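Here's the letter readout for the chains.
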Amino acid sequence: MRTRVLTVVLAFAVLAVAGFAVPLLEVTASQRTQRLVAARTADLDRFAGLAEQAAESGDTGALTAEVTRYTQLYGEAVVVVDARRAPVAQTGGMRAADPAVARLVDAALRNQPVSPGGTLRPWSRADRLLARPVGTGTRVSGAVVLRASVRAAADDIALRWALVLVGAVLFAVACGMLARAATRWVVRPLHRLDRAVGTLAAGLPPEHARAGGPPELRQLAAGFNRMADTVTAALEQQRRLVADTSHQLRNPLAALRLRVDSLQPRLPASAGRTYTGITAELERMEHLLDDLLALATAEHRAGELAVGAHQAWCDAAAVTEAQAQLWHPVAEQAGVRLVSDPGPGVLVACAEAELAQLADVLLDNAIKYAGRGARVEMRCRAEGPDAVFEVRDDGPGLATGELTQAGTRFWRSERHRDIRGSGLGLAIAEQLVTGRGGRVEFTAAEPHGLRVRVVLPRAEDPA
């Protein structure tokens, strides 16, 4: 935002400086051009007066001497002709027979105004030709043509333009510094507010946004701090409720299980089925409490990772192979064939314990729901800047409408209601992956089954 605001302000400053400097440059060049033309016109008037006196007296000596001294002093050529276009005086290598001179002579003899050309520029170097008739009105007795050098005037214009441009640049720099200070004053509170919002969104206690900048931003920061305190208190109460409830229920459940186990020797044979159902429900509740604690821990960890610089890495291929070895006995007991393809070593931006927990969740779901006789494949590979950890099975899989709900808390397919589970495993996995800047994808496998892909950023080689 700061860059965009600063760009807009600087654009307006540049346009304002240009709107002031460009007309000033044009006026400077025009004034210097008019001064040159006025000076040379005065010289032409003097030569025209001498030429008129020479025409009346028949003595051209004074005219020739004046023209010669002028050319020696200023280096500018002069041509004077009479009414019949015959040269009276020629200096500086310019001749009356030259095409450009002849055109000006014709115009002057017809008593027509002759424009010396456009406004000079610093790069102008071509000499300008000026002409004036000798005499007045219908009594034109000759013409005077002067070739004026523009180099001195062009250098003068270049110097003045340089001074104007330097002043414009200094003014633009001052505007830029002022705009930078102003935008920093306005945007800095927004940066603090953005950091506080990111911390709050991650589920961590946010730092209070310090008030600063315009009154509107100070009011916004104060309102955000009040809102953040309220939201943080509500989230902390909810998190504590889940964690404390799960923790506090462990002791009553453990005591209840001990009492139920102590009743087993005293129960008649007809109560065996009831006893088995009670112990199964106790085990399910214990497993649910464990998952709730794990989910609360994963949410807190994801919040820490979202706002903190927790650098971690591990070799995904090594973790894949190690977890496959651990889950082989479980898969054999369930009648599932577990195949691992770790592939070449891939460094992933994730802690080894976190990736192992992800593998446990995905393998537990695949083995549990794929069914006896199914094949579960686990592999890891690199895809551009990401590392992909994938678990695929050829079991019944999920319907198309169920794939979008696979990571929802406590959600379970209707076909799996009789299978032990809490529906929190994939939610825990998603929290851990999201905290590391990755994602979990659920797609159908071909020809049938489920494919779960965990996409995580690759880590830089620590060497």
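Higher on the page you've got the structure.
Residues numbered from 1 in each chain as written. Predicted model: local features only at pLDDT ≥ 70, side-chain atom pairs only at ≥ 80, totals over all residues. Heavy atoms only, no water.

1. Things to note about the environment of Glu-402
If you trace the backbone, Glu-402 turns up in helix 10 (residues 400-403). Separated by 11 residues in the primary sequence, Glu-402 and Ser-413 place their C-alpha atoms 7.4 Å from one another. (Helix = DSSP H or I, 4+ residues; strand = E, 2+ residues; numbered from the N terminus.)

2. Notes on unusual backbone geometry
The omega angle of the peptide bond from Glu-446 to Pro-447 is 0°, so this bond is cis rather than trans. Looking at where Pro-447 falls in the secondary structure, it is placed in the loop between strand 10 (439-444) and strand 11 (450-457). Although it is not a glycine, Arg-85 adopts a positive phi angle of roughly 70°. When you line up the elements, Arg-85 lands in the loop between strand 1 (78-82) and strand 2 (87-90). The partly exposed category is assigned to Arg-85, whose relative accessible area is 45%. (Buried < 20%, exposed > 50% of the residue type's maximum accessible area, 1.4 Å probe, protein only.)

3. Considering the pattern of salt bridges
Scanning the entire structure with this criterion turns up 21 salt bridges. The partner of Glu-66 in a salt bridge is Arg-46, and the shortest N-O contact between them spans 3.3 Å. Taken together, the residues Glu-66 in helix 2 (residues 61-74) and Arg-46 in helix 1 (residues 2-57) connect sequence positions 20 residues apart. The class for Arg-46 is partly exposed, based on a relative accessible area of 35%. Close ionic contact of Glu-383 with Arg-453 constitutes a salt bridge, the shortest N to O distance being 3.4 Å. Pair noted here: Glu-383 is in strand 8 (residues 375-383) and Arg-453 is in strand 11, with a separation of 70 residues, a long-range link. Salt bridges sharing partners connect three or more residues here, namely Arg-379, Arg-381, Glu-383, Glu-390, Arg-392, Arg-439, Glu-441 and Arg-453. (Salt bridge = Lys/Arg side-chain N within 4 Å of Asp/Glu carboxyl O.)

4. A few points about the side chain of Arg-32
Assignment of secondary structure puts Arg-32 in helix 1. The buried category is assigned to Arg-32, whose relative accessible area is 12%. For Arg-32, the contacting residues outside a window of four places in its chain are Ala-153, Asp-156 and Ile-157. (Contact = heavy atoms within 4.5 Å.)

5. Let's talk about helix 3 (residues 99-109)
Turn by turn, an α-helix covers 3.6 residues, leaving residues three or four places apart pointing in a common direction. Of all the residues in helix 3, the buried ones are Val-101, Leu-104, Val-105, Ala-107, Ala-108 and Leu-109. In this structure, the buried residues of helix 3 make contact with strand 1, strand 3 (128-136) and strand 4 (139-148).

6. So, the environment of Leu-129
Its place among the elements puts Leu-129 in strand 3. Classification of Leu-129 as partly exposed rests on a relative accessible area of 22%. When the C-alpha positions of Leu-129 and Val-145 are compared, they lie 6.8 Å apart, and in sequence the two are 16 residues distant. Excluding residues within four positions of it along the chain, Leu-129 makes contact with Met-94, Ala-100, Leu-104, Pro-116, Leu-146 and Arg-147.

7. Overview of the sheet that holds strand 3
Taken in spatial order, the four strands make up an open sheet running 2-1-4-3, and their pairing is antiparallel. At either margin of the open sheet sits one strand with a lone partner, and together these are strand 2 and strand 3. Neighbour-to-neighbour, the strand axes of the sheet open up by a mean angle of 15°, direction not taken into account. With nine bridges connecting them, strand 3 and strand 4 associate as antiparallel partners. Opposite Thr-136, over in strand 4, you have Arg-139 as the bridge partner. Running at roughly 160° to strand 1, helix 2 makes contact with strand 1, strand 2 and strand 4 of the sheet. (Pairing = 2+ DSSP bridges. Axes fitted to C-alpha atoms, helices over the stretch in contact; angles between N-to-C directions.)

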